[in-house]
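Structure assessment
Letter by letter, the chains look like this.
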Amino acid sequence: MTDAEQISNRPSGRMNGGRALAEMLRLAGVGPMFGMGGFQLLPFYDALAQLGMRHFLINDERCGAFAAEAYARVTNRPGVCDGTLGPGATNLVTGLIEGLNAGTPMIALAGDTNRAHSWKNMTQECRQAEILRPAVKELIRVEMTSRVPELLRRAFAVATSGRPGPVLLDVPEDVCHGEHDFAAEDFAIDPTTLSAPARRIRPDRADIARAAALIARAKRPLMLVGGGIHLSAGYEALLALAEAQSIPVAHTMSGKGGIACTHPLSTGLFGRYSRIANELIEASDCLLVVGCKLGEIATKRYALPPGSIPLVHLDILAEEIGRCSPATVALWGDARAGLEDLAEALADDAGRARAARADYIDEIPARMAAWREEAAARLDSSERPIHMARLCREFNSALPANSILVADGGFAGHWTGLLYDTKSPGRHFIPDRGLASIGYGLPGGIGAALAAPQTPVVAITGDGGFNMMLGELETARRAGIGLTIVVVNNAASGYVKALQHAMFRGRYQSSDLVEMDYAAIARTMGCAGIRVEDPERLGAALRESLAERSRPTVLDIVVTRDPARMLPAVDNRTVEIRQGDRVA
């Protein structure tokens, strides 16, 4: 768009604050928004209608934040959600913290009290700015209607720069309803701030040289990739470095898809659950950590990696480097830019490096084949109730390469994190690991499906998580999206029950649920519903649900009720729990 076209596209004249908010979001080209209206933000809602912008009423503001967060992960553009004064605003907290911890760009709008009557016990009034401030990258209080465009412009810049994150605009009622004479020039917005990463920073050249020297000397280097690879869209750079230097790649749950899980250099998940990656970490002589916080799950509660192994840590957030594991070389910068610089520094030695590491690379397929042989009994299981590993195998068979799997927290995320294989690089697996909140699956699936309407999207959630968000099935139906929701039905809060089994040997408290037929519930809500109890029907049911493009489909999968077998890679019948331990 030319400068003249940009200026002609800007509004001007007298308008209220709500209209100014909507006009700025229109200029930013935001996607579908999610929220629940209230008096404070009604001018904003009215403006959205007049401008023909897409906004979806949700049944719980937490779900709106989850949907916006998932939308942002698929697009790397800020997801937008809103909540009205008091409970509407405070209901956003969980979803905003998910985005804050996961580095997801988001813009949230919260209505606030009319300042003429603030702190006079107004209906629904609370100290919401103080509650919300720690949940976001930045909270911006809009004190004047005239400053709405300026402060929303800043919100986009903050949300997409550096390590992305959510920004909340706290909008008092009188600011949203108040009017101002705006000039067209007021509605400027920097197009580079409309998606993440807004601006890239490169690591220091001297640090790159030091890191390259460590990697060049290594006989068994290994890359540990986290969710930052997606925020940077560094897929090509990662693959180029891995292939040029013969360096295998392991990933966190959030980093899955940095390279395709089916690539010969992929060693799968590392940390609490692992195929072969943990063994390779132990035997490595140089680790390159890319966009990864090395938190509890990734390090088996800080038991990995061994402190004796040289560690190069590349991250966009300088203070994250060395926080959990000391770095031999710290590379502060964008993941893609840093990987490109490392590849350039190592290019002249690439042929020698590949030859020297040939035997090492040959180990990867052999180790993976041995793991698959060991796991075959679970992956191919024909037992009833259905084994979770068999469900994951059917995902691998039925889901096309471009599909997106959204995984709820806990039980659903851990199994798919370990056993689901992405077939191409990119955001094809979206687990809510920022806060790991239960209940993300369905609303996250809605956000992902609206972000990629031509792409098959499957959301997997436990029955407990589905119970929390069942009302959003109505939202999905109203939106007319062909989303598949897989409900892992074990009539329990499976993650908790499995841990209770491991720790207390058969004493359970508040972890059982009533047996429900979620397929029947879905049908009564006007959606498709299929209940699957026979593992041989899984593939056909998945394909049938993926073919339904006009309404949501709930697959109610009856899985094992044995708490000793509810967690991947942990045999709860023999595991020993010591004080301070956490097996899953």
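Just so it is clear, the structure is predicted and the values come from calculations on it, not from any experiment.

About the thresholds
Residues numbered from 1 in each chain as written. Predicted model: local features only at pLDDT ≥ 70, side-chain atom pairs only at ≥ 80, totals over all residues. Heavy atoms only, no water. Phe/Tyr/Trp six-rings, centres within 6.5 Å; stacked < 30°, edge-to-face > 60°. Helix = DSSP H or I, 4+ residues; strand = E, 2+ residues; numbered from the N terminus. Buried < 20%, exposed > 50% of the residue type's maximum accessible area, 1.4 Å probe, protein only. Lys NZ or Arg CZ within 6 Å of the ring centre and 35° of its normal. Axes fitted to C-alpha atoms, helices over the stretch in contact; angles between N-to-C directions. Parallel < 35°, antiparallel > 145°, perpendicular 65-115°, else oblique. Left-handed = near helix turned anticlockwise from the far one by under 90°. Contact = heavy atoms within 4.5 Å. Nonpolar A, V, L, I, M, F, W, Y, C, P; charged D, E, K, R; others polar. Salt bridge = Lys/Arg side-chain N within 4 Å of Asp/Glu carboxyl O. Core = buried A, V, L, I, M, F, W, Y, C linked by side-chain atoms within 4.5 Å. Pairing = 2+ DSSP bridges. Polar contact = N/O pair within 3.5 Å; in protein donor to acceptor, adjacent residues only side chain to side chain.

1. Some points on the packing of aromatic side chains
According to the stated counting rule, one finds seven aromatic pairs in the structure shown. An angle of 25° between the planes, with centres 6.1 Å apart, marks the rings of F34 and F56 as stacked. Of the two residues, F34 is situated in strand β2 (residues 33-36) and F56 in strand β3 (residues 55-57); the sequence distance between them amounts to 22 residues. This pair shows no difference in class: F34 is buried, exactly as F56 is. Centre to centre, the rings of F44 and Y45 are 6.0 Å apart; their planes meet at 80°, and the pair counts as edge-to-face. In textbook terms, an aromatic cluster arises when at least three aromatic residues are bridged by ring pairs, as seen for F395, Y420 and F429. The positively charged end of K256 is found above the aromatic ring belonging to F429, 5.5 Å away from the centroid. Geometry around Y508 places K497 over its ring, the cationic atom sitting 5.1 Å from the centre.

2. Thoughts on the packing of helix α17 (residues 388-398) against helix α24 (residues 538-547)
Packing of α17 against α24 brings their axes to within 9 Å, and their N-to-C directions diverge by 50°. With respect to their mutual orientation, α17 and α24 come out oblique. Relative to α24, the crossing made by α17 is right-handed. Between α17 and α24, the contacting residues are R390, L391, E394, F395 and A398 on the first element and L538, G539, L542, R543 and L546 on the second. For the contact of α17 with α24, the class distribution of residues is six nonpolar, one polar and three charged.

3. Here we look at the pattern of salt bridges
In total, this model carries 42 salt bridges according to the counting rule given. The partner of E23 in a salt bridge is R19, with the nearest N and O atoms 2.9 Å apart. Residue E23 and its partner R19 are both found in helix α2 (residues 17-28); the two are separated by four residues, about one turn of the helix. On the basis of relative accessible area, R19 is assigned to the partly exposed category, the value being 23%. Between E150 and R147 there is a salt bridge whose closest N-O contact spans 2.8 Å. For E150, a relative accessible area of 34% corresponds to the partly exposed category. Each of D112, R115, R141, E143, D170 and D174 takes part in a single network of salt bridges with overlapping partners.

4. Observations regarding the packing of helix α10 (residues 205-217) against helix α14 (residues 335-346)
Where α10 meets α14, the closest approach of the two axes is 9 Å, and the angle between their N-to-C directions is 60°. Here α14 runs oblique to α10, going by the angle between their axes. α10 and α14 meet at a crossing whose hand is right-handed. Residue-level inspection shows R205, I208, A211, A212, I215 and A216 of α10 in contact with α14, the latter providing G338, D341, L342, E344, A345 and L346.

5. Things to note about helix α12 (residues 235-245)
Those residues of α12 that fall on the buried side of the exposure criterion are Y235, A237, L238, L241, A242 and Q245. If you follow the buried residues of α12, they end up packed against β9 (221-225), α11 (228-232), β10 (249-251), β12 (286-290), α14 and α15 (350-356). Of the residues one or two after α12, S246 is the one with positive phi, at around 55°.

6. Digging into helix α3 (residues 42-51)
Three or more residues of α3 are buried, namely P43, F44, Y45, A47 and L48. Once α3 finishes, G52 follows within two positions and takes phi at roughly 70°, a positive value.

7. So, the nonpolar core
Within the largest apolar cluster, 89 residues are counted, with the highest numbers of intra-cluster contacts made by M223, L339, F395 and I460. Contact partners of I460, with chain neighbours within four places excluded, come to M388, L391, F395, L405, V406, A407, D408, A412, T416, G441, V486 and V488. Counting 48 residues, the second largest nonpolar core, distinct from the first, contains F66, M106, F466 and A476.

8. Remarks on the sheet that holds strand β18 (residues 484-489)
Strand order across the open sheet formed by six strands is β16-β15-β17-β18-β20-β19, with parallel pairing between neighbours. The sheet is open, and its two edges are formed by β16 (429-431) and β19 (528-532), each paired on a single side. Strand-to-strand, the axes of this sheet are offset by a mean angle of 20°, without reference to chain direction. Alignment of β18 against strand β20 (residues 553-558), held across six bridges, turns out to be parallel. Residue N489 lies in a different strand from β20, and its bridge partner there is V558.

9. Overview of the environment of R565
When you line up the elements, R565 lands in the segment after β20. Each C-alpha atom of the pair R565 and E533 lies 17 Å from the other, and the pair is 32 residues apart in sequence. Of the polar contacts made by the side chain of R565, one reaches the side chain of E383; its length is 3.0 Å.

10. As for the sheet that holds β12
In space, the six strands of this open sheet follow the order β11-β10-β9-β12-β13-β14, with parallel pairing throughout. Strand pairing shows two members of the sheet lacking a second neighbour, β11 (266-269) and β14 (329-332), which therefore form its edges. Here the average twist between neighbouring strands, direction ignored, is 15°. Relative to β14, strand β13 (residues 311-315) is paired through four bridges, and the arrangement is parallel. By the bridge assignment, H313 is partnered in β14 with A330. This element, α14, spans β9, β12, β13 and β14 of the sheet and lies at about 145° to β12.

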